[in-house]
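# Close look at the chain arrangement
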Amino acid sequence: MSRKFSLCVVMISVILGTFMMAEGGRAEAAFGTDIVGRSAITSFGEMIDALPSEPVADAVAEVWALDAPDKSARFAWRRDAGGSRPYDAYITFEAAPFIAAGLDVSRLPEGLVAGDKIVIGTKLSGEPLVYDGDITPKTSFEQIVKLDRDSIGYHAALDHYGVTVSEGSLVEWAKDMTKNDKDLVFVVNPKIFIEAGVDPSKVSGWTFTKVPVEDANGRKFDADKFLKPFDLK
């Protein structure tokens, strides 16, 4: 290998290394100035600390699982990227109240029912999760904020942050639990259930109501939702 060629290889490596460091620096800088994202992480940690039982690790599905205080619903999120699980973030809850209210499960999209549960979820970025320290429920959630920022939102009407698991369905938590009586809320888009025969006013354990929301363009409107709220403090 000629000296001239070797120098070219070294220079290209340096340039690429500098570019990658710059890109990584910009990503970290963007995260550092993301007030909503960072506040979502802080308040999420405070919310799970206030739960009656801490999230548990599901080694098979490689997720963390957070149970509602009454065990009637669960939010789960990935501990690692990849894997064979169908979803990286999902909510699951009992199907029985919906069936009692008229649900014909055969009319639901495939995969939405698993045994006696309804599961609503989403796949997230397949980028590697890089942890600086222990893998915990909080640090795994932080990875979602860093790599899948579009899935994290702020709901001004209720002063909540949330993770979207499907269009119109999400889990939300209070920005400040001392000023909110809805510290943890499971939110479900009722459209597919109504289309599958559910009378929304008859679903036990869920509140069917209109919630003020904003679309992608900032336009405000009232949307129908099933809500399962919990006051943790």
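Structure's up top.
Scope of this entry: the structure provided in the associated data block. No experiment lies behind these values; they were computed from the predicted model shown.

Here is what the cut-offs are and how they apply
All residue numbers refer to positions counted from 1 along the written sequence of the respective chain. pLDDT decides what is reported in this predicted model: residues at 70 or higher carry local features, side-chain atom pairs at 80 or more are listed and counted, and totals for whole chains, interfaces and linings draw on all residues regardless. Excluding hydrogens and water, the side-chain figures rest on all heavy atoms present in the structure. Here, any two strands with at least 2 DSSP bridges between them count as paired. Only DSSP runs of H or I covering at least 4 residues are called helices, and only runs of E covering at least 2 are called strands; the numbering of each starts at the N terminus. Only heavy atoms matter for contacts: two residues are in contact if any of them lie within 4.5 Å across the pair. Note on definitions: angles span 0 to 180 degrees between N-to-C directions of axes, and those axes are lines fitted to C-alpha atoms, for helices only across the stretch in contact.

Turning next to the sheet that holds strand S2 (residues 63-67). Across the sheet, 6 strands lie side by side as S1-S2-S3-S4-S6-S5; this open sheet has antiparallel pairing. Two strands close off the open sheet at either side, each with one partner strand: strand S1 (56-58) and strand S5 (113-114). Across 5 bridges, strand S3 (residues 73-78) lies against strand S4 (residues 89-94) in antiparallel orientation. Pairing of tryptophan 77 across the sheet is with alanine 89, part of S4. The sheet strands contacting helix H4 (residues 137-147) are S2 and S3, and the helix crosses S3 at an angle near 70°.

Sheet topology places strand S10 (residues 184-188) next to strand S12 (residues 220-230); 5 bridges connect them, and they run antiparallel. Directly across from valine 188, in S12, lies its bridge partner phenylalanine 226. Here strand S11 (residues 207-214) runs beside S12; their pairing, made up of 8 bridges, is antiparallel. Looking at the pairing, threonine 209 lines up with lysine 225 of S12.

Any functional reading would require information beyond the geometric quantities listed.
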